Amino acid sequence: MRIQDYVAQHTRAIAESLAHFVRTTAPDKLNWRIQVSDTVATRSVLDLIAECVAVNYSFASYLRGEPRDVETPVFQEAEPALQALLESADALAKAIENLSDADLEREYERRNARIPGHRFILMGYRNMAYHAGQVNFIQTLYGDTEFHVPPNWR
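Criteria and cut-off values
Counting of residues starts from 1 at the beginning of each chain's written sequence and follows it residue by residue. Reporting of local features is limited, given that this is a predicted model, to residues whose pLDDT is at least 70; pairs of side-chain atoms are given and counted only at 80 or more, and all residues count toward the totals for whole chains, interfaces and linings. Calculation of side-chain values draws on the structure's entire complement of heavy atoms; hydrogens and water are dropped beforehand. Helix and strand labels come from DSSP, where a helix needs a run of H or I of at least four residues and a strand needs a run of E of at least two; each type is numbered from the N terminus. Within these notes, the globule rule equals 2.2 Å times the number of residues to the 0.38 power, and the radius of gyration is based on C-alpha atoms. Note on contacts: a residue pair is in contact if any heavy atoms of the two residues lie within 4.5 Å. Computed by Shrake-Rupley with a 1.4 Å probe, the accessible areas treat only the displayed protein chains as cover when residues are assessed. When charges are counted, Lys and Arg are positive and Asp and Glu negative, with His and the chain ends excluded. A single reference atom marks each charge: NZ on Lys, CZ on Arg, CG on Asp, CD on Glu. To pair, rings of Phe, Tyr and Trp, with the six-membered ring standing in for Trp, must have centres within 6.5 Å; the planes then decide the type, stacked if under 30 degrees apart, edge-to-face if over 60, and tilted in the middle. Take the buried Ala, Val, Leu, Ile, Met, Phe, Trp, Tyr and Cys residues and link them wherever side-chain atoms come within 4.5 Å; each set so joined is a nonpolar core. Classification of residues uses two cut-offs on accessible area relative to the type maximum, computed with a 1.4 Å probe and protein chains only: under 20% is buried, over 50% is exposed, and between them is partly exposed. Working convention: axes come from line fits to C-alpha atoms, limited for helices to the stretch in contact. Angles between N-to-C directions cover 0 to 180 degrees. Angle categories are assigned with fixed cut-offs, so that under 35 degrees is roughly parallel, over 145 is roughly antiparallel, 65 to 115 is roughly perpendicular, and the rest are oblique. Two helices crossing with the near one rotated counterclockwise from the far one by less than a right angle form a left-handed crossing, whereas a clockwise rotation gives a right-handed crossing. For a helix, the expected span equals 1.5 Å multiplied by the number of residues minus one. When a carboxyl oxygen of Asp or Glu is within 4 Å of a side-chain nitrogen of Lys or Arg, the pair counts as a salt bridge.

Engineer: Account for the overall build of the chain, with residues named and values stated.
Structural biologist: Secondary structure summary: the chain contains 5 helices and 2 strands in total. Listing the helices and strands of the chain from first to last along the sequence gives α-α-α-β-β-α-α. For 154 residues, the compact-globule estimate of 2.2 N^0.38 gives 15 Å, and the chain sits close to it at 16 Å. Counting only C-alpha atoms and orienting by the principal axes, one finds that the chain spans roughly 50 × 40 × 20 Å. In the chain, the proportion of contacts linking residues at least 24 apart, taken out of those at least 6 apart, comes to 69%. Accessible area for the chain stands at about 8400 Å²; split by element, carbon and sulfur atoms hold 52% of it. Between the mean site of the 16 positive side-chain charges and the mean site of the 21 negative ones, the chain shows a separation of 3 Å.

If you want it as structure tokens, here you go:
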């Protein structure tokens, strides 16, 4: 298996896992923002998913050689957010699958960093895994003591 195909497969899988964590979040907590101070609140579960959607599409555009930032969507309900998450992960996975071995050695200019392709193809996965942990932490904060194991982890 090519590394591109392996990373694409895992990019789709972590999006499915993240979607599972969102689906196991109490519905009244999907837009919950914990107030840190008088002026600062944390991001909600749906805010985290919106960021993943924008990042996935942005990274896919960079890998296709059409670099652009993507506007972060706003979601009020879980299912449209999760549909967008899975579609964006698939778009990123397809961009990864279409890379040649030479593309893994080339550098991608991203804001103030030059990142080799073999590292850049992991960034969407890492971002979604990070956000999965944040969703789990939000669940912990509102008192959910169960770890909701995604079906694709079994």
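Engineer: Can you explain the packing of aromatic side chains? Please cite residues and give values.
Structural biologist: Taken as a whole and judged by the stated rule, the model has 7 aromatic pairs. Judged by centre distance (5.7 Å) and plane angle (55°), the ring pair of Phe21 and Phe147 falls under tilted. Of this pair, Phe21 sits in helix α1 (residues 3–23) while Phe147 sits in the segment after α5 (123–141), and the two are 126 residues apart along the sequence. Measuring from centroid to centroid gives 6.3 Å for Trp32 and Tyr142, while their planes differ by 70°, and the two rings are edge-to-face.

Engineer: Explain the nonpolar core to me, using residue names and the numbers behind them.
Structural biologist: Grouped together as the largest cluster of nonpolar side chains are 25 residues, with contacts concentrated most on Leu18, Val22, Ile49, Phe75, Leu85, Met128 and Val135. Of all the secondary-structure elements, those providing two or more residues to this core are α1, α2 (45–63), α3 (78–97) and α5. Element by element, the count of residues in this core is highest for α2, at 7 residues. With residues up to four places along the chain from it excluded, the contact list for Met128 reads Thr11, Ile14, Ala15, Leu18, Cys52, Asn56, Leu85 and Ala89. Counting 17 residues, the second largest nonpolar core, distinct from the first, contains Val7, Leu92, Ala93 and Ile96.

Engineer: I'd like to hear about the side chain of Asn127, residue by residue, with values.
Structural biologist: Within the secondary structure layout, Asn127 lies in helix α5. When its relative accessible area of 14% is taken as the criterion, Asn127 is described as buried. Apart from residues lying up to four places away in sequence, Asn127 is in contact with Glu51, Cys52 and Val55.

Engineer: Give me the lowdown on the packing of α2 against α3, citing residues and values where you can.
Structural biologist: At a minimum axis separation of 8 Å, α2 and α3 run at an interaxial angle of 20°. Judged on the interaxial angle alone, α3 and α2 are roughly parallel. Two packed elements cross with a definite hand, and for α2 against α3 that hand is left-handed. For the pair formed by α2 and α3, the contact residues are Leu46, Ile49, Cys52, Val53, Asn56, Tyr57, Phe59, Ala60 and Leu63 on the first element and Ala78, Ala81, Ala84, Leu85, Glu87, Ser88, Ala89, Ala91, Leu92, Ala95 and Ile96 on the second.

Engineer: Residue-level account of α2, with values.
Structural biologist: Counted at 1.5 Å a residue, the expected span for α2 with its 19 residues is 27 Å, and the 27 Å between its end C-alpha atoms agrees. Most of α2 is tucked away, with 16 of its 19 residues classed as buried. Positive phi appears at Gly65, one or two residues downstream of α2, with a value of about 85°.

Engineer: So what's going on with the pattern of salt bridges? Residues and values would help.
Structural biologist: If charged atoms from side chains of opposite charge come close, those side chains can pair. Under the definition given, this model contains 11 salt bridges. A salt bridge links Arg12 to Glu97; the nearest nitrogen and oxygen atoms lie 2.9 Å apart. Here Glu97 lies in helix α3 and Arg12 lies in helix α1, a separation of 85 residues in the sequence. The partner of Arg110 in a salt bridge is Asp69, with the nearest N and O atoms 3.1 Å apart. A residue pair is termed long-range when its members are at least 10 positions apart, and Arg110 in strand β1 (residues 107–110) and Asp69 in the loop between α2 and α3 qualify at 41 residues. Given a relative accessible area of 47%, Asp69 falls into the partly exposed group. Via salt bridges that share partners, Arg12, Asp90, Lys94 and Glu97 belong to a single interconnected network.

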